[in-house]
Amino acid sequence: MATVLVKNIAESILQLPIRALTLHDGTNTVTLMQLEAESDFLFEPIIRTDDEGLPRTIAYTVKAQIFVPHNKMEVPWISYVNAMMNKTVSAVISLGAINNWPLLPTPIENTLTTRAINSSPAGQGGYIDMRDNARITIKVETPEKRQRFLITVQSIVRSIFVNEPLSVDAPTGGLDKNLIRRTLSV
Amino acid sequence: MLIIQEYSVNEHNFGRQAIRFAVSNVYSELFLTNELAPIGTIYTDIYDFEKHKQDLELEDGKFGIDELTFEINSLSCKSETDKKAMYFCLDATNVNSVRYCALFFGEEPIAENMLFVGKLNTKISGEDIAWRGANFSPNIRPERSYKLSALSFDVSMLDESKINDDVYDLESVRISNLRERMFEATHFDTWFKSVALHRVAYVEWGASQRYIHYTPLLNLKTYLDKMLALSSTLLQEKYGISISFALAESDLGIDVLPSYVSEFETAKEYDHIGMFRSDKWLPYPRRIRLKLSDAKTNTTSPLFVSQTMIDSRLINDKYVVGEDGIVDLLQYNIDTMDMAFMTKLKTMSELLFTLARDLGCFLVLGYSAFDEISIEFIPRESIVNSGYTYLVDVDESSFDSSSNRDADGGTNFYALASNELDEGADIKRMGGLSSYYVSKYQKKINLLEELKEQKNIDSKKLMLSISPTLQELMRLSGRTDEVSIHSVPINVVANPTGAMHAWEYEGNFEGIYANGTSPGSVQLHTGIYVQTTRIEETIPEQYEHITRTAHAIIATINGEDKVFYKLADYINEIYKTGQQYYETALNIKVPYWNGFNDVEGAAGASWKKLTLGSVFKFSEIVKRFADDVFTDLDIDRDYVVVGIERDLSKPETTIKLVDKSAYAFGYPETIPDLIPIPLPEVVNGNESVTNTDTGKGGYVIVNTTPPSEIAIGEAVMILSDNTIAKAEANSSYPGADLGIALASGISGDTIMVQTGGRVNMPGVYDFTGHVSENLFLRTNAVGSNLSHSPLLAASGSEDVYCILGRIDSLTSFVLRPKKWKFV
Amino acid sequence: MIIILAYCNAPLPDDTAYNADFATVMPEGAVGAQMQFNTLKFIPSIETETVSGKTKRGRNFEHVISSDEIYDIVITADELMTLAKRAFVTNFWKSSHKYLVTDTTTGDYINVVSGGGVLPMDYINESKYLPELKLNLKVANGDGIS
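What counts and what doesn't
- Residues numbered from 1 in each chain as written.
- Chains lettered and ligands numbered in written order.
- Predicted model: local features only at pLDDT ≥ 70, side-chain atom pairs only at ≥ 80, totals over all residues.
- Helix = DSSP H or I, 4+ residues; strand = E, 2+ residues; numbered from the N terminus.
- Buried ≥ 20, exposed ≤ 12 C-beta atoms within 10 Å, placed from the backbone.
- Contact = placed C-beta atoms within 7 Å.
- Nonpolar A, V, L, I, M, F, W, Y, C, P; charged D, E, K, R; others polar.
- Pairing = 2+ DSSP bridges.
- Axes fitted to C-alpha atoms, helices over the stretch in contact; angles between N-to-C directions.
- pLDDT = per-residue confidence, 0-100.
- Arc of directions from axis to C-beta.
- Core = buried A, V, L, I, M, F, W, Y, C linked by C-beta atoms within 7 Å.
- Domains from an automatic or database assignment.

1. Observations concerning the overall build of chain A
Then comes step 1: In terms of regular secondary structure, chain A is built from one helix and nine strands.
Then comes step 2: Walking chain A from its N terminus toward its C terminus, one meets helices and strands in the order β-β-β-β-α-β-β-β-β-β.
Then comes step 3: Within the span of chain A, comprising 186 residues, buried residues form 40% of the whole.
Then comes step 4: Restricting to contacts in chain A with at least 6 residues of sequence separation, those with at least 24 account for 69%.

Put into structure tokens, the structure is as follows:
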């Protein structure tokens, strides 16, 4: 089970496993599934202090590390993903379940309003929507004498929003699952 | 339309200082309070003030023109009324839209708060900030920052009051200038006759009668009052505003000594009247303070000038405007044009400033009410306020002690008594030939030119002078053939009604101030005259006051008592012309407006306590080295304020001070020793004529073939070789002086000739029916060349219009020839 | 703190009370807009202009020429997320007549000035998606020289 590290203790711990990663760079769409369990993400709030001395979160930086077994990346996919390196691409990380949200090639607005970790309307977990604001890197790792790809996805998202019960195993220790239902959006 | 800007600044230590600025096209509106301001008055805050300056000019004795500068930035106009306020001021560029403005230091628009009142200058400059429109478009609708200035109204107004030049009103219609108003037919006769009086000069004792002599004078203040009244009317017609001018009774700060005769010759016989001897015409040790005023007191006198000083036309007997078309090309006299007030000076302000300078005074103009300007002549000594002023503290202060010699060498002042006589105790000789006067005048001019060339000193002529001038008269006794020479003060005439002998009067002497219908033998004279109680014992008591030329000035300068026999000497001394002297100047910046007081302390401190002329005392302890030892000395130095600059955007006053010793004038306790000034040299004639001799003015009749004959009483002309011939009205003898033969003779004979003064020949002359008329010279080969009819047109060789003089009795006329040539 | 910023190309009359419909307070034919912002920081303060110095006797003087209320305002990325808000801020900066309302129930439109120059927008983490606006507004009609 992936452990997600969150910097701010006020935020709940999301223990949603990453199920899939969809990437789109305006030409090609790549969806990667059957990811290794080590895949995880972390998010960090961007906080400003207001005139009452209290913090205000205005956005989150999200960083996800996705491990893809070597045999799950076939040749054309690797080259597509390579081509997306260091460009701004659209990415959706599916959490808890696999969602097939269409990726729109152009942003609706040049703002962060729709970038979020949203729930899926079908109520199957959540997703991190990094539409038109994701940056990926890819490299090959060889831990324990096997090959795998490490894809790092980074973005800044406006809100993190989860409102559905999650079908995951309860974490050992940590926060009450119900807490997870609180909206974390700002 | 009235526009008002009010603001105030909280001055550290002194509280709130309000400032009020008003602009209007109607002068009187500037002085309305907010309650009385008309409906539609605009209140704005777009005017950005800089500085207000006042200066005292040391040399010229006049206050510098106040100037107020301010800026308007068109971008600061936020509302429609702001824009109206801006465009209203910019209209001042149009000569026909006059904009008056006033700045008050205080909330109420009253005279005592008034720092400045003036007229916006037509010259406005500006800098563009932004343009609109596409490239090449002429529709730029710019935003600009405008710089405007206003000049103080009092002086600039008097500059518009022109004496001889054209004056136009705001609709460019020509209106009369001051000369036209003064000499306008009915006005001048009425006014002149009522003020231009012949005043008693001296009384002469004859064998059996007293002869009272008068000198035609005009009170200078009366003349200036009239000129100011005419200026007020002129400005009313020009601008449509009514402002009156009030010339204050002013003490001119000059102590003079009147002239008197120290020794009379008793009447010899019959009518040998030998009262005057020119070496006994001296300054009398009675000090009289000169004033501009209407009446005399025991110790002061109004300043009188000769009536001829008004205008050069009065000198020629004709003071009615409009000559008879005769052009003067042969005038041998030095032009009198630049000696009379209204011929030489251009404007009313020039008249006032020139007189102030010539008297060593400052001219102070101020507003006594918003429609009345007060003018005062203030002597240099009292420009300095009597008490001390104290200032709170200074922000910056620096001094400069340097030579005050002008970069261009300085100015030398000189004066002339008339167009042929020098200032001072000069004497017009009876035998005075024109060539003598021309050469004397030329010598003076040469001397002045030398001064300029060698020492780079410019010379300026004063309008007035101290000139106890005398003139010689030769009298032919009716009983014997003796001719005696007497001196009389210049410009005295006998009873102006014509008769030579005066009659005695009882009662108030004022009654016989007779109005002159003509100045008679009077010539232009710049001397200052004063009135005083009788000096010589021979003047009967009933004559309460007499008028005399001022003979000398006494003053204390830097602690030293001095006597000046010429006004030019006194003025040059005051202005320290040509001398080098050291003047310490202080420049002080006080970071307050109200940090000035007349006591040592803060209570009652106000900006009003600082004026031009305020005196500050600064003390310090110095060490002086003398006689091999150092001693500590406590030195007090007095400084006079000669420049004030107030910053109107923040509390700051910059003042310029000079060492008060530049103003250290005073009046001597006792009258210093008077040195008799020697009289000028005798003129050259055939034989020298002194004033104690009975006359011998003999000339040889020219040799001609056939021999010339000259009859007694005829006019003769003195030729270049000093021989004489019968005079002709012929322009072939341009410089020949004219005289009257006192005896008959033929070629080769020596006969006496009278060349000036009254020619009295009972038995020879009979001027019945022609008294008070002119006597003319005509060419007449046979018979007398004297005539009562002038030449009216050139014919043949007779082409000179010549007046020999004015007939003043049945048997005499006063010989004073004037010639004009027909063109 | 919630504030309203407004701008117009013609001046509003003095002491105009706040109205949620800006079109009703604008002068006829004028163009402008108003918008609400939830500021990160809103700090009022006061600024004076003085002329001061030290005299030659060593005494200090200070004349207070004018005083103005000033507002230190920070609007951060959470309030600048939409294009509409960004466009409003740009037009506000360009306008000659700027207004601030601090109290929407009882307040008036306060005429303010902002100073010129570049729009004072910072970008958090250097991201164009996280703009932060720092405005230093000064009251236009302060207690000037009083």
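2. A short note on the overall build of chain C
Then comes step 1: Along the backbone of chain C there are two helices and eight strands.
Then comes step 2: Element order for chain C, N to C, with α for helix and β for strand: β-α-β-β-β-α-β-β-β-β.
Then comes step 3: Taken over 146 residues, chain C has a buried fraction of 27%.

3. Concerning the interface of chain C and chain A
Then comes step 1: Each partner contributes residues to the interface: chain C has 15 residues there, and chain A has 16 residues.
Then comes step 2: Broken down by element, the side of chain C that touches chain A gets its largest block of residues, three residues, from strand β3 (residues 41-54) of chain C.
Then comes step 3: Partitioned by chemical class, the residues of the side of chain C that touches chain A number nine nonpolar, four polar and two charged.

4. Comments concerning the interface of chain C and chain B
Then comes step 1: Taken together, the 14 residues of chain C in the interface contact 14 residues of chain B.
Then comes step 2: Of all elements in the fold, only β3 and β4 (60-75) of chain C reach the threshold of two or more residues within the side of chain C that touches chain B.
Then comes step 3: With five residues, β4 of chain C is the largest single contributor of residues to the side of chain C that touches chain B.
Then comes step 4: Residues of the side of chain C that touches chain B, tallied by class, amount to six nonpolar, four polar and four charged.

5. Concerning the sheet that holds strand β20 (residues 361-369) of chain B
Residues and elements named next belong to chain B.
Then comes step 1: The three strands lie next to each other as β14-β21-β20, forming an open sheet whose pairing is mixed. The sheet terminates laterally at β14 (244-247) and β20, the two strands that pair on one side only. The mean angle between the axes of side-by-side strands here comes to 25°, regardless of whether they run parallel or antiparallel.
Then comes step 2: Here four bridges tie β14 to strand β21 (residues 372-379), and the two strands are oriented parallel to one another. When the bridges of β21 are listed, L247 appears paired with I375.

6. Details of the environment of Y529 of chain B
Residue and element names in this part refer to chain B.
Then comes step 1: Counting through the fold element by element, Y529 comes out in strand β29 (residues 529-533).
Then comes step 2: For Y529 and S301, which are 228 residues apart along the polypeptide, the C-alpha to C-alpha distance reads 9.0 Å.
Then comes step 3: Among all residues touching Y529, those that are not within four sequence positions of it are L217, F304, V305, T547, R548, T549 and A550.

7. Concerning the confidence of the model for chain C
Then comes step 1: When pLDDT is averaged along chain C, the result is 88, and 97% of the positions lie at 70 or above.
Then comes step 2: Among the prediction metrics, the complex's ipTM stands at 0.72, with pTM recorded as 0.65.

8. Overview of the sheet that holds strand β38 (residues 698-701) of chain B
All names here are of chain B.
Then comes step 1: Spatial strand order, β38-β41-β40-β42-β44: five strands in a closed barrel with mixed pairing. Averaged over all pairs of adjacent strands, the angle between their axes in this sheet comes to 55°, without regard to strand direction.
Then comes step 2: Direction of pairing for β38 relative to strand β44 (residues 750-754): antiparallel, over a ladder of three bridges. Residue pairing in the sheet places Y699 in a bridge with I751 of β44.

9. Quick look at the environment of C8 of chain C
Residue and element names in this part refer to chain C.
Then comes step 1: Within the secondary structure, C8 sits in strand β1 (residues 2-8).
Then comes step 2: For C8, a count of 21 C-beta atoms within 10 Å corresponds to the buried category.
Then comes step 3: Separated by 90 residues in the primary sequence, C8 and K98 place their C-alpha atoms 6.8 Å from one another.
Then comes step 4: Excluding its chain neighbours within four sequence positions, the residues that come into contact with C8 are M26, A30, G32, S95 and H97.

10. A closer look at helix α1 (residues 80-90) of chain B
Residue and element names in this part refer to chain B.
Then comes step 1: By the burial criterion, the buried members of α1 are A85, M86, F88 and C89. Along the long axis of α1, the arc covered by the buried residues comes to 160°, so they all point the same way. The outward face of α1, more than 90 degrees from its buried face, is lined by the exposed residues E80 and Y87.
Then comes step 2: Buried residues along α1 sit against β1 (2-11), β2 (15-24), β3 (42-43), β5 (67-73), β7 (114-120) and β9 (143-152).

11. Here's the deal with the confidence of the model for chain A
All names here are of chain A.
Then comes step 1: Per-residue pLDDT for chain A has a mean of 67; in total, 59% of the residues score no lower than 70.
Then comes step 2: Mean pLDDT values for the elements of chain A range from 51 in strand β6 (residues 116-119) up to 86 in strand β8 (residues 148-157).
Then comes step 3: Per-residue pLDDT stays below 50 along residues 163-186; that stretch engages in 40 contacts with residues further than four places along the chain or on separate chains.

12. Quick word on the nonpolar core
Then comes step 1: Core analysis: the biggest nonpolar cluster contains 151 residues, and V256, V305, L352, A356, L363, I553 and L657 of chain B have the highest contact counts within it.
Then comes step 2: Broken down by element, the residue count for this core peaks at eight residues, all from helix α5 (residues 220-239) of chain B.
Then comes step 3: Of the domains in this structure, domain 1 (2-50 + 59-153) and domain 2 (167-320 + 336-572) of chain B are the two that each give at least three residues to this core.
Then comes step 4: Apart from residues lying up to four places away in sequence, I553 of chain B is in contact with I254, D255, V256, I466, F564 and Y570 of chain B.
Then comes step 5: Grouped together as the second largest cluster of nonpolar side chains are 62 residues, V30, M84 and I151 of chain A together with L100 of chain C included.

13. Focus: the pairing of strand β40 (residues 715-718) of chain B
Residues and elements named next belong to chain B.
Then comes step 1: Burial of the side chains of β40 extends over both faces: A715 and M717 are buried on one face and V716 and I718 on the other.
Then comes step 2: Examined bridge by bridge, β40 and strand β42 (residues 737-741) share four bridges and lie antiparallel to one another. Looking at β42, one finds that V716 is bridged to G739.
Then comes step 3: Relative to strand β41 (residues 723-726), β40 runs antiparallel, the two sharing three bridges. Residue pairing for β41: M717 is matched across the bridge by A725.
Then comes step 4: Adjacent in sequence and paired antiparallel, β40 and β41 are bridged by four residues, among which N722 carries a positive phi angle near 70°.

14. Remarks on unusual backbone geometry
Then comes step 1: In this model, T705 of chain B is joined to P706 of chain B through a cis peptide bond whose omega is 0°.
Then comes step 2: Assignment of secondary structure puts P706 of chain B in the loop between β38 and β39 (709-710).
Then comes step 3: You will see that N86 of chain A, though not glycine, has its phi angle at about 60°, which is positive.
Then comes step 4: Relative to the helices and strands, N86 of chain A resides in the loop between α1 (75-83) and β5 (88-95).
Then comes step 5: One non-glycine residue, S172 of chain B, lies in positive phi territory at about 60°.
Then comes step 6: Note on placement: S172 of chain B falls in the loop between β10 (167-168) and β11 (174-175).

15. Thoughts on the pairing of strand β6 (residues 110-113) of chain C
Residue and element names in this part refer to chain C.
Then comes step 1: Because side chains alternate across β6, one face comprises the buried residues I110 and V112, and the other comprises N111 and V113, none of which is buried.
Then comes step 2: Pairing of strand β5 (residues 97-101) with β6, which is carried by three bridges, proceeds in the antiparallel orientation. If you follow L100 over to β6, its bridge partner there is I110.
Then comes step 3: Two elements, β6 and strand β8 (residues 131-139), share two bridges in a ladder whose sense is antiparallel. The residue bridging V112 from the neighbouring strand is V139, located in β8.

16. Quick notes on the environment of M182 of chain B
All names here are of chain B.
Then comes step 1: Inspection of the secondary structure assignment puts M182 in helix α3 (residues 178-182).
Then comes step 2: The exposure class of M182 is buried, given the 21 C-beta atoms found within 10 Å.
Then comes step 3: Sequence-wise, M182 and L230 are 48 residues apart; in three dimensions their C-alpha atoms are separated by 7.6 Å.

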